[in-house]
Amino acid sequence: MDKIDIPFGRDFLQVSVPTGCVPHVLRKEPMPILPDPVQAMERALQEPIGCPSIRQLAKRGSKVCIVICDITRPVPNGIVLPKLVQALLDSEVALEDITILVATGLHRPNLGDEMRELIGNQWVFENVRIENHNARDEASLVRLGETPTDRIPIVLNRRIVDAHLRIVTGLVEPHFMAGYSGGRKVIAPGVAGEETIRTFHNFRFMSDSKATNCSLDGNPLHRGQLEILKAVGPVYSVNTIIDEQRKLSFVNFGECQQSHLKAVDFVRRYAELPVDRKFSTVVTSAAGYPLDKTYYQTIKGMVGPSQILNEGGTLIIASACDEGLGSAEFRESQLSLIRLGTSGFLDSIREKPFADIDGWQSQMQTRATSVGRVQLYSPGLSLGDRQATGVEMIDSLEQAIADSVAQNRDPHVAFIPEGPYVIPLLAPVEKSI
């Protein structure tokens, strides 16, 4: 194996394996591909999980809110939305009664050509009302009390609360805080208010060992999201799963919690990868476009491999970061992390009931940097952005790999091309006799 392709922006980097290295490529087993994605979407709507069909749920006069993920998630909306909207129209829902709400959380809005790309279908883009969620706009939010277990304030977008029919759509993949993305997560933090988002991203939640990739049982974020879901009322979900080439492998529709768990059961078989050893050198990515648009999102790719990184080892990650660091709030958090150091930074946020906006991402970065060195290949980042990352910048992946192998005196190198979409789990691997 001479070269390994690493997703980077909209393309790939061909990484030459340095002489003397022993590469271990960790990737999903080949996933089944749906031969006709459009037909699969139609079938999903006709064969719902735990609820009536769309034709029974929707009726004339229904106000419908369809929630979609923002541009940072490669959801195949061009397949999902046309069939979903058509099914609603066939059920005599008026076009003007359908709203597509973009679940931005506290991220920036998606506008113009970016919104067109996000929707993925010209007719839907031109004919259906589309709005960005604004977590800071109190006039567009509704308060529904608080969750019974952790007392998380439940503040949500009025569109989703007031709708007669609520449908969320999303991509189900490992998530470094919530266990798995999609389903209930599209509601919270997707269309939640700032108070809700900042509460369940505070130190107490983020420092919980169960708030991590592939973990649902005992995960406080998952628990809170389910309690918020219950407070909203009936919610239905379209769940999609894609393979390494972004081809549709799975789609279903149904009651939000039940259908989401079915999707999680499917993707677990591929995304969770048992690994029987640790490595002193790990090479990975932020999964390419659109996830690697910012350094903020890149941190997701650092956390997943940390379980198989030897103490003091080197984690090397490639990310285009075409939009730079991320939000202004995230920059301030990163500068605080650099100024205070890991212990001082964590102490400074420990007692805050409301997390600093985007500060949770800096906290998650410490999960990786507390294990070993983190090196970032992102040649397009400005000098100021590079300094605010708080990690080492490198100009060559090959040279960084060779240097790490030499310094650690270990030729074995783990390559995780798909970044945060594949989670290596340290566990004994059964060997056939």
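Residues numbered from 1 in each chain as written. Predicted model: local features only at pLDDT ≥ 70, side-chain atom pairs only at ≥ 80, totals over all residues. Heavy atoms only, no water.

A. Highlighting the overall build of the chain. The number of helices and strands found in the chain is 16 helices and 20 strands. Referenced to the eigenvectors of the C-alpha coordinate spread, the extents of the chain come out at roughly 70 × 50 × 45 Å. Once local pairs closer than 6 in sequence are excluded, the contacts in the chain between residues at least 24 apart make up 77%. Of the accessible surface of the chain, which amounts to about 17,700 Å², a share of 49% is contributed by carbon and sulfur atoms. The centroid of the 45 positive side-chain charges in the chain is displaced by 3 Å from the centroid of its 52 negative side-chain charges. (Helix = DSSP H or I, 4+ residues; strand = E, 2+ residues; numbered from the N terminus. Contact = heavy atoms within 4.5 Å. Areas by Shrake-Rupley, 256 points an atom, 1.4 Å probe, with all protein chains shown as cover. Lys, Arg positive; Asp, Glu negative; His and termini not counted. Charge placed at Lys NZ, Arg CZ, Asp CG, Glu CD.)

B. Expanded view of the packing of aromatic side chains. Scanning the model with the defined rule gives six aromatic pairs in all. Taking the centre distance of 6.4 Å and the plane angle of 35° together, the rings of Tyr 236 and Phe 253 count as tilted. Separated by 17 residues along the polypeptide, Tyr 236 in strand S12 (residues 236–242) and Phe 253 in strand S13 (residues 248–255) bring together distant segments of the chain. Overall, Tyr 236 belongs to the buried group, its relative accessible area being 12%. A relative accessible area of 0% means that Phe 253 is categorised as buried. Ring geometry for Phe 266 versus Tyr 270: centroids 5.5 Å apart, planes at 45°, classification tilted. You can see Phe 266 and its partner Tyr 270 sitting in helix H11 (residues 256–271), four residues apart, about one turn around the helix. Across the pair, Tyr 270 and Phe 266 agree in class, each one buried. Through a chain of ring-to-ring contacts, three or more aromatic side chains come together here, namely Phe 250, Phe 266 and Tyr 270. For the cation-ring pair, Arg 277 lies above Phe 279, with the distance from its terminal atom to the ring centre recorded as 4.3 Å. (Phe/Tyr/Trp six-rings, centres within 6.5 Å; stacked < 30°, edge-to-face > 60°. Buried < 20%, exposed > 50% of the residue type's maximum accessible area, 1.4 Å probe, protein only. Lys NZ or Arg CZ within 6 Å of the ring centre and 35° of its normal.)

C. The arrangement of the sheet that holds S12 in detail. Taken in spatial order, the six strands make up an open sheet running S6-S5-S4-S9-S12-S13, and their pairing is mixed. Looking at which strands have only one partner, the edges of the open sheet turn out to be strand S6 (129–132) and S13. Sheet twist, expressed as the mean angle between neighbouring strand axes with direction ignored, is 20°. Bridging between strand S4 (residues 64–69) and strand S9 (residues 165–171) involves four bridges; their strand directions are parallel. Paired with Val 64 across the two strands is Leu 165, which belongs to S9. Here helix H1 (residues 37–46) sits on the sheet in contact with S12 and S13, set at roughly 20° to S13. (Pairing = 2+ DSSP bridges. Axes fitted to C-alpha atoms, helices over the stretch in contact; angles between N-to-C directions.)

Purely geometric stuff here, so don't read any function into it on its own.
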